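Fold and contact review
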Amino acid sequence: GPPRDPQRLDQRGHVPVVVARRLAYLRNFTAWLETHRRLAFPDFMLVDAKKADTILAAYGRYLFQHGRPRGVYAETINAVVDQERNWRRLLEKAWDVAWVWKGLDEGVNNQAMPSEVFLALLALAFLWEWTDMAVLLALGFLGMLRPGELASLCCEDLVFVDVAGHPALFVYIKQPKMRRIGPR
């Protein structure tokens, strides 16, 4: 194939949006460090991994106590690891806090779109005679598809069948988000 720029491998796949988000979370963590630990971020980066792990776990408890989303905490850990790659597998306490937090959030309904919003969008699409958009909205919402899954669909991915005398539609997802989890 054509030659590729080897410097792209140094970016570890971070898109600018992720980099910007992590920098913002790092600024928040820095402010917390200075306020609650009387520690500047450059000094934090000089502590050993075990101490950094303990401090990050405390920060996670703080965020949990103050109702912040778990994703903010996880991305903060990732932002710190971006600064010190050697800590990547050494932040066990910090990640334990994140996993316990996730378990406590299991019962929380993370509804992507309320049904009322879906019905309003569907009505608007029909009102504006955007039939294709209405079909995509219905397929995505009723099929519980992620935006990337919906965008990658082709006609051959839709299989119309008869199930016990009732028409049904099966959707084949080539690249599901959770494809790396579970048996292969």
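Let us look at the structure shown here. (Residues numbered from 1 in each chain as written. Predicted model: local features only at pLDDT ≥ 70, side-chain atom pairs only at ≥ 80, totals over all residues. Heavy atoms only, no water.)

**Section: the pattern of salt bridges**
Using the criterion set out here, one finds 5 salt bridges in the structure. Residue R21 is joined to E75 by a salt bridge in which the shortest nitrogen-to-oxygen separation is 3.7 Å. On the criterion of sequence distance, the pair formed by R21 in helix 1 (residues 16-37) and E75 in helix 4 (residues 70-83) is long-range, its members being 54 residues apart. We classify E75 as buried; its relative accessible area is 15%. (Salt bridge = Lys/Arg side-chain N within 4 Å of Asp/Glu carboxyl O. Helix = DSSP H or I, 4+ residues; strand = E, 2+ residues; numbered from the N terminus. Buried < 20%, exposed > 50% of the residue type's maximum accessible area, 1.4 Å probe, protein only.)

**Comments concerning the pairing of strand 2 (residues 166-171)**
Here strand 1 (residues 158-163) runs beside strand 2; their pairing, made up of 6 bridges, is antiparallel. Its bridge partner lying in strand 2, D162 is registered against P167. Where strand 1 folds back onto strand 2 in an antiparallel hairpin, the turn is made up of 2 residues, including A164, whose phi is positive at roughly 50°. (Pairing = 2+ DSSP bridges.)

**Description of helix 1**
Between its first and last C-alpha atoms helix 1 spans 30 Å; for 22 residues at 1.5 Å apiece the expected length is 32 Å, and the two agree. For helix 1, the secondary structure elements touched by its buried residues are helix 2 (41-44), helix 3 (49-65) and helix 4. Backbone geometry just downstream of helix 1 places R38 in the positive-phi region, at approximately 50°. (Expected span 1.5 Å × (residues − 1). Contact = heavy atoms within 4.5 Å.)

**Some details on the nonpolar core**
Judged by nonpolar contacts, the single largest core of 30 residues is most densely connected at F29, L33, F44, Y73 and W87. Sorting the residues of this core by element identifies helix 1, helix 2, helix 3, helix 4 and helix 5 (92-104) as the ones contributing at least two each. With 8 residues, helix 3 is the single largest residue contributor to this core. With residues near it in sequence (within four places) discarded, F44 still touches F29, L33, L39, A52, I55, L56, V80 and W87. Ranked by size, the runner-up nonpolar core spans 6 residues in total, among them L122, A125, L137 and A138. (Core = buried A, V, L, I, M, F, W, Y, C linked by side-chain atoms within 4.5 Å.)

**Digging into the packing of aromatic side chains**
This model, assessed by the stated rule, comprises 13 aromatic pairs. A ring pair is formed by Y73 and W101, whose centres lie 5.9 Å apart and whose planes are at 25°; its orientation type is stacked. Of this pair, Y73 sits in helix 4 while W101 sits in helix 5, and the two are 28 residues apart along the sequence. Centre to centre, the rings of F118 and F141 are 4.1 Å apart; their planes meet at 5°, and the pair counts as stacked. One end of the pair, F118, is in helix 6 (residues 115-127); the other, F141, is in helix 7 (residues 131-142), and 23 residues separate them in sequence. Here the aromatic cluster, defined as three or more aromatic residues joined through ring pairs, consists of F29, W32, F41, F44, Y59, Y62 and W87. (Phe/Tyr/Trp six-rings, centres within 6.5 Å; stacked < 30°, edge-to-face > 60°.)

**What about unusual backbone geometry?**
What is expected of a backbone is that most residues other than glycine have negative phi and most peptide bonds are trans. Unusually for a residue other than glycine, R38 sits at a positive phi of about 50°. Residue position: R38 is located in the loop between helix 1 and helix 2. With a relative accessible area of 73%, R38 lands in the exposed category. The phi torsion at M144 lies on the positive side, around 50°, for a residue other than glycine.

**As for the packing of helix 1 against helix 3**
For the pair helix 1 and helix 3, interaxial distance at closest approach is 11 Å and the crossing angle is 100°. Between helix 1 and helix 3, the crossing angle belongs to the class labelled roughly perpendicular. Taken together, the residues of helix 3 that come into contact with helix 1 (itself represented by Y25, N28, F29, W32, L33, H36 and R37) are I55, L56, A58, Y59 and Y62. Within the contact of helix 1 with helix 3, the residues separate by chemical class into 9 nonpolar, 2 polar and 1 charged. (Axes fitted to C-alpha atoms, helices over the stretch in contact; angles between N-to-C directions. Parallel < 35°, antiparallel > 145°, perpendicular 65-115°, else oblique. Nonpolar A, V, L, I, M, F, W, Y, C, P; charged D, E, K, R; others polar.)

**Brief notes about helix 7**
With 12 residues, helix 7 ought to run about 16 Å at 1.5 Å a step, and its terminal C-alpha atoms sit 16 Å apart, in line with that. Buried residues of helix 7: A134, L137, A138, L139 and G140, and no others. Buried residues along helix 7 sit against helix 6, helix 8 (147-151), strand 1 and strand 2. Residue M144 follows helix 7 closely and has a positive phi angle near 50°.

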